[in-house]
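Overview (structure and organization)
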Amino acid sequence: MRGGALGRLLHVDLGSRTARVEEPSDALYRNFLGGRGLAGALLRPHLSCPWDDPDLPLVILTGPLAGTMAPASGRAIIASKSPLTSTFLDSAAGGSLAASVKRAGFDGIVIRGAADGLVGLRLEDGNAVFEDARHLAGSTIGETYIAVLGENPAEHPAFAAVGSAGEQGAAFASIGVDRHHMAGRGGLGAVMGAKNLKWLTVRGTGTVPVADEEALLKAREAILRLTAASPVLRGQFGFSNYGTAALFDLTHSRRMTPTDNFRRTWFDRGEGLSAPALKKRYASHSAGCEGCPVECLQIAATPLDGETDWALPEFESLSHFTALVGNHDPDEAARANRRCVALGLDPVSAAVTLATRREIAGRDFAPGEMVVLLDDIVTGRGEGELLRLGAYRCAEAMGQPEAAMTVKGLELPAYDPRGAYGLALGSAVATRGGCHLRANTISHEILRKPVATDRFSFAGKARMVKLAEDAIAAADCLGVCTYMFLTAGLEEYAAALAAVSGEPWGQGELLRVGERVVYQERCMLLEASCGPEQDDLPERFFIEPGSETETQPMPAIDREAFLEARSAYYAVRGLDGRGNPIPDRAAALGLECSTSTPLV
Ligand code: SF4
C-alpha cells in the first residue's frame, strides 16, 4: 500500500553536481502519503543542522493526486528548517511544479549540498543538468524567469527561483514558482540561496498512473459540483471573481482587520480598498494553479509604473501593506507587494516587520519608503541590517520585543485573533508558528460553514482546532489546496485517492495520517527545544481591546480562558500538560519520540 505514490525520490547533491534515485519504503508512504508529512519524515533527522548548513536538505514534494484530474491537487510542498522559527517549516506553492515533478517520474526532489558558485538546475524526466548561473546574481525572480525560459514561452517547464533576498540570506526570503506563485512563508528562499541554487526547472513527459479512471472522474465531478455551489469560492463576490482580496471585505465587516501593527482591528479603508474597487482600478482578470476550478489569482491589465501583467496582492499582503502599516494608497500596497515578489521576500513577514519598525520608531512611512526599505532588507543597508532578521529579532534588538506580532518567530497573518477565538488558539499552537492555515477555523467562525460557532467563545474550540489541524495536515499530504476545504471535504478527496491508488482510502484513514503528521511536528518542536511558552500569542492580545463599537464588542482575550483552552487542546491532542509529546502516544501513531532524549 503506497497511497498512489510513484515510490521514487530524486536526490540532488549540489556539491558534487550529481543526482540519484531513491525508492523509500512503502511504510514511509503508508504513514505519511506525501507532501507535508513525507517532508517532515525526511527532514526530521537533519534538523539539528543550522539552516544554512549544506547538509540540511531542502525538499520539494508532491502529493499522490498531483498530475491527475483531481481538482486543485497540484500544490508543491517545499520544506526545510526555517531561519525564523529554527525548526521544520513547510510552505505550499501553486503553479505547475508538483504536476511536473510527478510527470518526470518522482514524488519529490531532495536537494542537499551547496554549489561552489550560483547554479541553475534543469531536470528533464530525471535527467539533471547543472548550469552556471553566476551571471544572474542579484537578478529578480522575473528577470531570472526570462533569462532561463524567454519572455513569453509558448510551452514551458515548471520553474522555481530565488531573488536577491534568497541569495543574500534575508530571514524571510521566499521561493518564486512559475510566473506568479510563491512558497512564501518561513524563509525557505534563504535555505535555497545558501545552497547557491538560483533556479530550477522541471519538465516531465510521463503520465501519472491512475488505478480507476472512472472512479476518479466521479470524485472529480463531486468536488467540482461542491466548488460551483460555494459562495466564497465561486459566488458573485467570491475568490473566482475577486481573488482572495474578497476576504479583505469579510474581515473588515467583522472588524477584525489587523491595523497599526495589531493595535486596532478596524481600518478606515476609504473608497479604493475593496476587492471590487481594486478589480476595477487595475482591470484584473482571474488566473490560477494548474487544474484549479477556482483561479483565485488576479492579474492586472492596467499598467503600474509602466508594467502590465502583474499579480495583484493577495488578501494577506493587501491587508498588511495597507491597514497594518497605515497606508491608504492601493498603488503603494501593490508596489510593495510587487517588490517582495521580485526580490523574493514573503510579503506577510515583510509587512509585519515594517509595521513593527513603524510602531517602535513612532513614524509613518513616506510615499515610496516601504519599497526602499524592502531593497535595504535585501542588501542589509541602513535599517535593513535589522529588518532583514524578521519582526521578532528586529524588535528584540530595538529593545521592544513586545512590539513583534509573531508566534514562534513567524509573523502573524491578516486576521486579528481577538475577532475569532478558535483562530487565536489555532495560531498559538500552530506547529509552524504564526499561521492561521494550520487550523483554518475561519470557515466555522467567520464563514459559518459547515458548522457555525460563536467566534467570541473558547467553548469547543480545542477539539475544533485539533480536528481541523488533522484535516489540513492530510490535505497538505495530498497536495490539495486548503481553500478547497471551504467547500469540499476529505471524504471527496479520499474517494479521489482511492481511485488513483486502487486502495481503500476513506476520510478516517486520511484523518489518521493527518494526526500522525501533526504529532510528528510536535516531536520536532520538542527536539528544537520549543516549549509551551512558545504556544502563545503576543501579550498585546490579552491586554488591549480591539476597535470596539457599542454593537460590536472586541475585548482583549481573557488570558485564563485562553490558557484553559490551550490545556484542553493539549489533552485532546494527546500531549502532556506542557504541550510535549508522550512517548506512548507517539508509538501508537507509529512515531518515535522521547521527552528525555531528543532525537537529532
Ligand atoms: S484556489 Fe487559488 S491557490 Fe488554491 S489551487 Fe486554486 S488558484 Fe491555486
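Now for a look at the structure at hand. Owing to the predicted nature of the structure, the values given are computational and were not obtained by experimental measurement.

Cut-offs used in this document
Residues numbered from 1 in each chain as written. Predicted model: local features only at pLDDT ≥ 70, side-chain atom pairs only at ≥ 80, totals over all residues. Heavy atoms only, no water. Salt bridge = Lys/Arg side-chain N within 4 Å of Asp/Glu carboxyl O. Helix = DSSP H or I, 4+ residues; strand = E, 2+ residues; numbered from the N terminus. Buried < 20%, exposed > 50% of the residue type's maximum accessible area, 1.4 Å probe, protein only. Pairing = 2+ DSSP bridges. Axes fitted to C-alpha atoms, helices over the stretch in contact; angles between N-to-C directions. Parallel < 35°, antiparallel > 145°, perpendicular 65-115°, else oblique. Contact = heavy atoms within 4.5 Å. Nonpolar A, V, L, I, M, F, W, Y, C, P; charged D, E, K, R; others polar. Polar contact = N/O pair within 3.5 Å; in protein donor to acceptor, adjacent residues only side chain to side chain. Phe/Tyr/Trp six-rings, centres within 6.5 Å; stacked < 30°, edge-to-face > 60°. Lys NZ or Arg CZ within 6 Å of the ring centre and 35° of its normal. Expected span 1.5 Å × (residues − 1).

**Points about the pattern of salt bridges**
All told, the structure shown has 41 salt bridges when counted by the stated rule. The salt bridge partner of Arg438 is Glu521, with a shortest N-O separation of 3.9 Å. Of the two residues, Arg438 sits in the loop between α18 (421–429) and α19 (442–445) while Glu521 sits in helix α22 (residues 507–527), which places them 83 residues apart along the sequence. Owing to a relative accessible area of 4%, Arg438 belongs among the buried residues under this scheme.

**Overview of the pairing of strand β14 (residues 297–300)**
Looking down a regular strand, the side chains alternate between one sheet face and the other. Neither face of β14 is exposed, since Leu297 and Ile299 on one face and Gln298 and Ala300 on the opposite face are all buried. Pairing geometry for strand β13 (residues 285–287) and β14, over three bridges, is antiparallel. If you follow Ala287 over to β14, its bridge partner there is Leu297. Of the strand pairs in this sheet, β14 and strand β15 (residues 310–311) are connected by two bridges, and their pairing is antiparallel.

**Digging into the packing of helix α20 (residues 461–478) against α22**
Taken N-terminus to C-terminus, the directions of α20 and α22 make an angle of 100°; their axes are 7 Å apart at the nearest point. Regarding the angle of α20 to α22, the classification is roughly perpendicular. Two secondary-structure elements touch here, α20 through Lys466, Leu467, Glu469, Asp470, Ala471, Ala473, Ala474, Cys477 and Leu478 and α22 through Leu510, Leu511, Val513, Gly514, Glu515, Val517 and Val518. Of the residues assigned to the contact of α20 with α22, the class counts are 11 nonpolar, one polar and four charged.

**Description of unusual backbone geometry**
Of note, Ala72 is a non-glycine position whose phi angle comes to about 50°, a positive value. Tracing the backbone through its elements, the reader meets Ala72 in the loop between β3 (58–61) and β4 (76–81). Among the residues examined, Ala72 registers a relative accessible area of 5% and is labelled buried. Look at Asp305: it is not a glycine, yet its phi comes out positive at around 55°. For Asp305, the location among the structural elements is in the loop between β14 and β15.

**Description of the pairing of strand β8 (residues 127–132)**
The pairing of strand β7 (residues 119–124) with β8 spans six bridges and is classified as antiparallel. In the sheet register, Leu123 faces β8, and the bridge partner there is Ala128. Where β7 folds back on β8, the antiparallel hairpin that results is connected by two residues, among which Asp125 adopts a positive phi of roughly 50°.

**As for the side chain of His436**
Inspection of the secondary structure assignment puts His436 in the loop between α18 and α19. Within the local environment of His436, its side chain forms a polar contact with the side chain of Glu316, the two groups lying 3.3 Å apart. Contact partners of His436, with chain neighbours within four places excluded, come to Glu316, Pro413, Tyr415, Leu423 and Ser427.

**Here we look at the packing of aromatic side chains**
Centre distance and the angle of the planes are the two values used to describe a pair of aromatic rings. The final tally for this structure, using the stated rule, is 12 aromatic pairs. With 6.0 Å between their ring centres and 90° between their planes, Tyr421 and Phe456 make a pair best called edge-to-face. Taken together, the positions of Tyr421 in helix α18 and Phe456 in the loop between α19 and α20 put the pair 35 residues apart, joining distant regions of the chain. Residue Tyr421 is classed as buried on the basis of its relative accessible area of 7%. Here the aromatic cluster, defined as three or more aromatic residues joined through ring pairs, consists of Tyr421, Phe456, Phe458, Phe542 and Phe562. A cation sits over an aromatic face here: Arg559 above Phe542, 4.5 Å from the ring centre.

**Digging into the sheet that holds strand β1 (residues 9–13)**
Reading across from one edge, β2-β1-β6-β3-β4-β5 is the order of the six strands in this open sheet, with mixed pairing throughout. A single partner strand is all that each edge strand has here, and the edge strands are β2 (18–22) and β5 (88–93). With strand direction ignored, the average angle separating the axes of adjacent strands in the sheet is 20°.

**A short note on α20**
Compared with an ideal rise of 1.5 Å per residue, which puts 18 residues at 26 Å, α20 spans 25 Å between its outermost C-alpha atoms and is within 8% of the ideal. At the exit of α20 stands Gly479, carrying a positive phi of roughly 80°.

**Some points on the sheet that holds strand β9 (residues 158–161)**
Working definition: the strands of a sheet are paired by backbone hydrogen bonds and lie parallel or antiparallel to each other. Strand order in the open sheet made by the six strands is β8-β7-β12-β9-β10-β11, with mixed pairing throughout. Every interior strand has two partners, whereas the edge strands, β8 and β11 (181–183), have only one. On average, each strand axis in the sheet is inclined to that of its neighbour by 20°, with strand direction left out of account. Both strand β10 (residues 175–177) and β11 contribute to a ladder of three bridges, which runs antiparallel. Bridging from a neighbouring strand, Ile175 pairs with Ala183 of β11.

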